[in-house]
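Summary of the model geometry
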Amino acid sequence: MLTAVIFDMDGVLIDSEPFWQRAQMAVFAELGHFHTEEDCNSTIGVRIDQLVAHWYRIRPWSSPTQEEVVQRILVQVIALILQEGQPKAGVLEALDLIEARGLKIGLATSSPFAMVEAVLGKLGIQDRFMAVHSAEVERFGKPHPDVYIHAAEKLGVEPVHCLAIEDSFTGLLAAKAASMQALIVPDPALVGDPRLAIADHQLRSLAELDADMLARWLK
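Residues numbered from 1 in each chain as written. Predicted model: local features only at pLDDT ≥ 70, side-chain atom pairs only at ≥ 80, totals over all residues. Heavy atoms only, no water.

So the rule is basically this: UniProt positions are given in the numbering used here, feature names are shortened, and annotations may be inferred rather than shown by experiment.
An unreviewed UniProt entry lists the protein under the name Hexitol phosphatase HxpB, from Aeromonas bivalvium. Looking at the Sequence similarities (unreviewed entry) heading of the UniProt record, one finds this comment for the protein: "Belongs to the HAD-like hydrolase superfamily. CbbY/CbbZ/Gph/YieH family." Regarding the protein, the UniProt comment filed under Cofactor (unreviewed entry) reads as follows: "Mg(2+)".

See the structure below:
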(Lines give C-alpha, C1' and ligand atoms only; values in the text may rest on other atoms or scores of the structure.)
Protein backbone atom coordinates (compact mmCIF):
# COMPACT_ATOMS: atom_id res chain seq x y z
CA MET A 1 0.00 0.00 0.00
CA LEU A 2 1.27 3.46 -0.87
CA THR A 3 1.89 5.78 2.06
CA ALA A 4 4.06 8.46 0.44
CA VAL A 5 4.49 10.39 -2.78
CA ILE A 6 7.92 11.66 -3.81
CA PHE A 7 8.12 14.33 -6.48
CA ASP A 8 10.94 15.05 -8.85
CA MET A 9 11.39 18.82 -9.20
CA ASP A 10 12.58 19.99 -12.64
CA GLY A 11 9.86 19.43 -15.20
CA VAL A 12 7.40 18.17 -12.56
CA LEU A 13 6.89 21.02 -10.10
CA ILE A 14 8.17 23.75 -12.42
CA ASP A 15 8.74 24.00 -16.16
CA SER A 16 12.47 24.55 -15.70
CA GLU A 17 13.75 22.44 -18.58
CA PRO A 18 13.60 25.46 -20.95
CA PHE A 19 15.66 27.39 -18.39
CA TRP A 20 18.25 24.62 -18.33
CA GLN A 21 18.34 24.66 -22.14
CA ARG A 22 18.80 28.41 -22.33
CA ALA A 23 21.55 28.39 -19.72
CA GLN A 24 23.39 25.43 -21.25
CA MET A 25 23.26 26.91 -24.74
CA ALA A 26 24.55 30.27 -23.50
CA VAL A 27 27.38 28.88 -21.38
CA PHE A 28 28.55 26.30 -23.91
CA ALA A 29 28.46 28.97 -26.62
CA GLU A 30 30.93 30.93 -24.50
CA LEU A 31 33.19 27.87 -24.72
CA GLY A 32 32.89 27.84 -28.51
CA HIS A 33 30.49 24.90 -28.66
CA PHE A 34 27.15 25.05 -30.48
CA HIS A 35 24.83 23.25 -28.06
CA THR A 36 21.53 22.19 -29.66
CA GLU A 37 18.09 21.52 -28.25
CA GLU A 38 18.66 17.84 -29.06
CA ASP A 39 21.87 17.92 -27.00
CA CYS A 40 19.90 19.32 -24.08
CA ASN A 41 17.11 16.78 -24.42
CA SER A 42 19.61 13.91 -24.38
CA THR A 43 20.61 14.74 -20.79
CA ILE A 44 17.25 15.61 -19.20
CA GLY A 45 17.26 14.44 -15.59
CA VAL A 46 21.07 14.09 -15.38
CA ARG A 47 22.85 15.79 -12.46
CA ILE A 48 24.51 19.00 -13.63
CA ASP A 49 28.09 18.00 -12.79
CA GLN A 50 27.63 14.71 -14.62
CA LEU A 51 26.09 16.57 -17.55
CA VAL A 52 29.08 18.91 -17.81
CA ALA A 53 31.51 15.99 -17.47
CA HIS A 54 29.65 14.19 -20.25
CA TRP A 55 30.06 17.08 -22.68
CA TYR A 56 33.67 17.62 -21.61
CA ARG A 57 34.47 14.04 -22.62
CA ILE A 58 32.86 14.60 -26.03
CA ARG A 59 33.96 18.20 -26.69
CA PRO A 60 36.80 19.05 -24.28
CA TRP A 61 37.77 22.67 -23.60
CA SER A 62 40.89 24.15 -22.03
CA SER A 63 39.26 26.57 -19.60
CA PRO A 64 37.30 27.33 -17.46
CA THR A 65 37.18 24.25 -15.21
CA GLN A 66 34.23 21.89 -15.28
CA GLU A 67 33.19 23.12 -11.83
CA GLU A 68 33.22 26.71 -13.04
CA VAL A 69 31.02 25.72 -15.99
CA VAL A 70 28.62 24.00 -13.58
CA GLN A 71 28.39 27.15 -11.47
CA ARG A 72 27.84 29.42 -14.50
CA ILE A 73 24.94 27.27 -15.67
CA LEU A 74 23.41 27.11 -12.18
CA VAL A 75 23.62 30.87 -11.69
CA GLN A 76 21.76 31.44 -14.96
CA VAL A 77 19.11 28.80 -14.26
CA ILE A 78 18.40 30.13 -10.77
CA ALA A 79 18.12 33.68 -12.14
CA LEU A 80 15.59 32.51 -14.75
CA ILE A 81 13.60 30.62 -12.12
CA LEU A 82 13.37 33.69 -9.90
CA GLN A 83 12.38 35.88 -12.85
CA GLU A 84 10.01 33.60 -14.77
CA GLY A 85 9.28 30.44 -12.79
CA GLN A 86 5.68 29.22 -12.53
CA PRO A 87 4.20 25.99 -11.12
CA LYS A 88 3.34 23.42 -13.75
CA ALA A 89 -0.33 22.83 -14.43
CA GLY A 90 -2.00 20.76 -11.71
CA VAL A 91 0.89 20.84 -9.23
CA LEU A 92 -0.87 22.75 -6.45
CA GLU A 93 -4.06 20.73 -6.89
CA ALA A 94 -2.07 17.46 -6.85
CA LEU A 95 -0.40 18.47 -3.59
CA ASP A 96 -3.84 19.18 -2.13
CA LEU A 97 -5.18 15.79 -3.23
CA ILE A 98 -2.20 13.93 -1.82
CA GLU A 99 -2.35 15.77 1.50
CA ALA A 100 -6.09 15.09 1.73
CA ARG A 101 -5.35 11.35 1.53
CA GLY A 102 -2.99 11.67 4.49
CA LEU A 103 0.07 10.69 2.45
CA LYS A 104 3.56 11.88 3.23
CA ILE A 105 5.12 14.12 0.57
CA GLY A 106 8.80 14.24 -0.34
CA LEU A 107 11.10 15.63 -3.00
CA ALA A 108 13.96 13.82 -4.74
CA THR A 109 15.85 15.85 -7.31
CA SER A 110 19.06 15.82 -9.30
CA SER A 111 19.33 19.58 -8.83
CA PRO A 112 21.44 21.05 -6.01
CA PHE A 113 19.91 22.41 -2.81
CA ALA A 114 20.46 26.02 -3.94
CA MET A 115 18.07 25.37 -6.83
CA VAL A 116 15.61 23.54 -4.60
CA GLU A 117 15.47 26.56 -2.32
CA ALA A 118 14.93 28.88 -5.29
CA VAL A 119 12.15 26.76 -6.82
CA LEU A 120 10.20 26.03 -3.63
CA GLY A 121 10.52 29.64 -2.56
CA LYS A 122 9.42 31.00 -5.93
CA LEU A 123 6.38 28.69 -5.96
CA GLY A 124 5.60 29.26 -2.27
CA ILE A 125 5.44 25.54 -1.48
CA GLN A 126 8.32 25.11 0.99
CA ASP A 127 5.98 23.83 3.70
CA ARG A 128 4.31 21.19 1.54
CA PHE A 129 7.24 18.72 1.72
CA MET A 130 8.07 16.64 4.77
CA ALA A 131 11.45 15.66 3.33
CA VAL A 132 13.66 17.14 0.62
CA HIS A 133 16.66 15.31 -0.81
CA SER A 134 19.12 16.18 -3.56
CA ALA A 135 21.47 13.96 -5.52
CA GLU A 136 24.02 16.72 -4.89
CA VAL A 137 25.04 14.81 -1.75
CA GLU A 138 25.01 11.38 -3.37
CA ARG A 139 27.95 9.68 -5.04
CA PHE A 140 25.81 9.14 -8.14
CA GLY A 141 22.86 11.04 -9.55
CA LYS A 142 19.86 9.60 -11.36
CA PRO A 143 19.45 7.01 -12.88
CA HIS A 144 21.11 5.63 -9.73
CA PRO A 145 18.32 5.05 -7.18
CA ASP A 146 20.02 6.45 -4.06
CA VAL A 147 18.38 9.86 -4.19
CA TYR A 148 14.96 8.17 -4.05
CA ILE A 149 16.00 5.60 -1.46
CA HIS A 150 17.34 8.28 0.88
CA ALA A 151 14.33 10.55 0.33
CA ALA A 152 12.14 7.65 1.45
CA GLU A 153 14.38 7.15 4.49
CA LYS A 154 13.90 10.81 5.42
CA LEU A 155 10.14 10.26 5.24
CA GLY A 156 10.40 7.11 7.34
CA VAL A 157 8.81 5.02 4.58
CA GLU A 158 10.02 1.93 2.74
CA PRO A 159 10.60 2.65 -0.97
CA VAL A 160 8.11 -0.03 -1.99
CA HIS A 161 5.37 2.05 -0.34
CA CYS A 162 6.23 5.19 -2.34
CA LEU A 163 4.93 6.62 -5.59
CA ALA A 164 7.53 8.65 -7.50
CA ILE A 165 6.44 11.35 -9.94
CA GLU A 166 8.88 11.93 -12.80
CA ASP A 167 9.13 13.63 -16.17
CA SER A 168 12.33 12.05 -17.55
CA PHE A 169 13.41 8.54 -18.51
CA THR A 170 16.54 8.98 -16.37
CA GLY A 171 14.43 9.75 -13.32
CA LEU A 172 11.98 6.98 -14.14
CA LEU A 173 14.84 4.47 -14.14
CA ALA A 174 15.97 5.77 -10.74
CA ALA A 175 12.49 5.42 -9.24
CA LYS A 176 11.96 1.90 -10.58
CA ALA A 177 15.45 0.84 -9.44
CA ALA A 178 14.46 2.05 -5.96
CA SER A 179 11.48 -0.38 -6.07
CA MET A 180 8.92 2.43 -6.18
CA GLN A 181 5.77 2.77 -8.18
CA ALA A 182 6.26 5.47 -10.79
CA LEU A 183 4.02 8.01 -12.44
CA ILE A 184 5.53 9.57 -15.56
CA VAL A 185 4.31 12.97 -16.73
CA PRO A 186 6.69 13.16 -19.66
CA ASP A 187 8.63 16.15 -20.79
CA PRO A 188 7.32 17.21 -24.23
CA ALA A 189 10.52 15.92 -25.82
CA LEU A 190 9.71 12.42 -24.53
CA VAL A 191 6.02 12.14 -25.40
CA GLY A 192 5.49 8.83 -27.18
CA ASP A 193 8.88 7.43 -26.15
CA PRO A 194 8.38 3.64 -25.89
CA ARG A 195 10.88 3.43 -23.01
CA LEU A 196 8.32 5.10 -20.76
CA ALA A 197 6.27 1.90 -20.80
CA ILE A 198 8.15 0.80 -17.65
CA ALA A 199 6.16 3.41 -15.69
CA ASP A 200 3.22 2.14 -13.62
CA HIS A 201 1.12 5.14 -14.57
CA GLN A 202 1.31 7.87 -17.20
CA LEU A 203 -0.46 11.23 -17.45
CA ARG A 204 -0.10 14.06 -19.93
CA SER A 205 -0.31 16.57 -17.06
CA LEU A 206 -0.75 16.52 -13.30
CA ALA A 207 -3.93 18.48 -13.99
CA GLU A 208 -5.43 15.10 -15.02
CA LEU A 209 -4.92 13.63 -11.54
CA ASP A 210 -8.12 13.29 -9.52
CA ALA A 211 -9.17 11.78 -6.20
CA ASP A 212 -10.63 8.59 -7.73
CA MET A 213 -7.49 7.93 -9.75
CA LEU A 214 -5.27 8.44 -6.69
CA ALA A 215 -7.50 6.16 -4.61
CA ARG A 216 -7.14 3.34 -7.18
CA TRP A 217 -3.37 3.64 -7.14
CA LEU A 218 -3.23 3.46 -3.35
CA LYS A 219 -4.78 -0.01 -3.19
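**Focus on the nonpolar core**
We count it as follows: Among buried residues, those of type Ala, Val, Leu, Ile, Met, Phe, Trp, Tyr and Cys that are joined through side-chain atoms within 4.5 Å constitute a nonpolar core. Three labels apply to residues, based on accessible area from a 1.4 Å probe with only protein chains included: buried if under 20% of the type maximum, exposed if over 50%, partly exposed otherwise in between. Only DSSP runs of H or I with at least four residues qualify as helices, and only runs of E with at least two residues qualify as strands; both kinds are numbered from the N terminus onward. Note on definitions: a residue-residue contact is assigned when non-hydrogen atoms from the two residues lie within 4.5 Å.
Ranked by internal contacts, the top residues of the largest apolar core, which has 52 residues, are Phe-7, Leu-13, Ile-73, Met-115, Phe-129 and Leu-206. The element best represented in this core is helix H4 (residues 66-84), accounting for eight residues. Leaving out residues up to four positions away in the same chain, Phe-7 has contacts with Val-12, Leu-13, Leu-95, Ile-98, Ile-105, Gly-106, Leu-107, Ala-108, Phe-129, Ile-165 and Leu-206. By size, the runner-up hydrophobic cluster in this structure holds 24 residues, among which are Ala-4, Ala-108, Ala-131 and Val-157.

**Quick word on the pattern of salt bridges**
Spelled out, the test is: When a carboxyl oxygen of Asp or Glu is within 4 Å of a side-chain nitrogen of Lys or Arg, the pair counts as a salt bridge.
One pass over the structure, following the stated rule, counts eleven salt bridges. With a closest N to O distance of 2.7 Å, Asp-49 and Arg-47 form a salt bridge. Between Asp-193 and Arg-195 there is a salt bridge whose closest N-O contact spans 2.8 Å. Arg-195 gets classed as partly exposed once you look at its relative accessible area, which sits at 40%.

**Notes on the environment of Lys-122**
Definition in use: Whenever two N or O atoms come within 3.5 Å, that pair is a polar contact, provided that in protein one can donate a hydrogen and the other can accept it, and provided that, for residues adjacent in sequence, both atoms are side-chain atoms.
On the secondary structure map, Lys-122 appears in helix H6 (residues 113-123). Setting aside residues no more than four positions away along its own chain, Lys-122 makes contact with Ile-81, Leu-82, Gln-83 and Gly-85. Looking at Lys-122, its side chain comes within polar contact range of the main-chain oxygen of Leu-82, at 2.9 Å.

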